[in-house]
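Survey of secondary and tertiary structure
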Amino acid sequence: MRVPRLTLVGVAILALSAVAGLVALPALPSSVAIQFGIGGTPYSVVAAPLGVALIPAIGVGVLLVTQFVGATDIGNSVPPVFDAVLATFLAYVQALVLAYNLGARFDMLVAVVPAVVTFGVVAVVLDRAG
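Summarised in this report is the structure supplied together with it. Not measured: the values here are computed from a predicted model.

1. Structural notes on the side chain of D83
Here D83 shows up in helix α3 (residues 80-101). Of the polar contacts made by the side chain of D83, one reaches the side chain of Q67; its length is 3.4 Å.

The following block contains the structure:
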C-alpha cells in the first residue's frame, strides 16, 4: 500500500512535536496539565513523560485509522490533506500544553478556539470538494 505524501507530512509534523516534547521534558514539572476547563484552569494532570507522548501518539493513531479506512471499504476515504491538517492542529495543541506547563499563562480556550474553527472550516471545505 502506498502512503500519500501528505500523510507522511502529517507523520513528520507529529514526530517533530514529539521531539519538541522530549527536548522540553527535563524542564517540565513531574506532573503536567493536559486538560483545561472553560476558565482555563487545568483539571487533569498526568506524569510528564505521558503528557509529552500523548498527543503525538494519538495523532499517529488517527493517521493509521485514516489509512486503514482508505484501504478498505469500511467508509469513505479521507483526503490525505486531512492528515497534514490534523497533525498541524495536534502539534499546535501540543505546543500550547508544553508552553503552559513550562510556565506561560494564557487562557487555553482563547488559544485553542481559533484553531478548532480553522480545522472545522477546512474539514467542511474538504468534504464539499470531495
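2. Regarding the packing of aromatic side chains
By the definition in use, this model includes four aromatic pairs. A ring pair is formed by F82 and F119, whose centres lie 5.7 Å apart and whose planes are at 50°; its orientation type is tilted. Here F119 lies in helix α4 (residues 108-129) and F82 lies in helix α3, a separation of 37 residues in the sequence. Pairing Y100 with F106 gives two aromatic rings, centres 6.2 Å apart and planes at 90°, and the pair type is edge-to-face. Classification of Y100 as buried rests on a relative accessible area of 10%. Classification of F106 as partly exposed rests on a relative accessible area of 27%. Linked through ring pairs, F36, Y100 and F106 together constitute an aromatic cluster. Its end group placed over the ring of Y100, R105 keeps NZ or CZ at 3.9 Å from the ring centre.

3. Describing the nonpolar core
Counting 18 residues, the largest nonpolar core has F36, F89, L90 and M108 as its most contacted members. Elements with a contribution of two residues or more to this core: β1 (31-36), α2 (48-71), α3 and α4. The element that contributes the greatest number of residues to this core is α3, accounting for eight residues.

4. A look at a nonpolar patch on the surface
Taken together, the side chains of I38, L109, V113, V117, V121 and V125 make up a nonpolar region of the molecular surface, amounting to roughly 530 Å² of accessible area. Among the structural elements, L109 can be located in helix α4. The partly exposed category is assigned to L109, whose relative accessible area is 37%.

5. Comments concerning α4
Over its 22 residues, α4 extends 32 Å from the first C-alpha to the last, a length consistent with the 32 Å expected when each residue adds 1.5 Å. Those residues of α4 lying buried are M108, A111, V112, A115 and F119. Angular distribution of buried residues about the axis of α4 spans 75°; they occupy a single face of the element. The exposed residues of α4 that point more than 90 degrees off its buried face are V110, V125 and R128. Buried residues along α4 sit against β1 and α3. The N-cap residue of α4 is D107: its side-chain oxygen and the backbone nitrogen of L109 are 3.0 Å apart.

6. Here's the deal with the side chain of T66
In this fold, T66 is placed in helix α2. Only 2.9 Å separates the side chain of T66 from the side chain of D83, close enough to count as a polar contact.

Analysis parameters
Residues numbered from 1 in each chain as written. Predicted model: local features only at pLDDT ≥ 70, side-chain atom pairs only at ≥ 80, totals over all residues. Heavy atoms only, no water. Helix = DSSP H or I, 4+ residues; strand = E, 2+ residues; numbered from the N terminus. Polar contact = N/O pair within 3.5 Å; in protein donor to acceptor, adjacent residues only side chain to side chain. Phe/Tyr/Trp six-rings, centres within 6.5 Å; stacked < 30°, edge-to-face > 60°. Buried < 20%, exposed > 50% of the residue type's maximum accessible area, 1.4 Å probe, protein only. Lys NZ or Arg CZ within 6 Å of the ring centre and 35° of its normal. Core = buried A, V, L, I, M, F, W, Y, C linked by side-chain atoms within 4.5 Å. Patch = residues over 30% accessible without salt bridge, like charges linked within 9 Å, V, L, I, M, F, W, Y side chains within 5 Å. Areas by Shrake-Rupley, 256 points an atom, 1.4 Å probe, with all protein chains shown as cover. Salt bridge = Lys/Arg side-chain N within 4 Å of Asp/Glu carboxyl O. Expected span 1.5 Å × (residues − 1). Arc of directions from axis to C-beta. Contact = heavy atoms within 4.5 Å.

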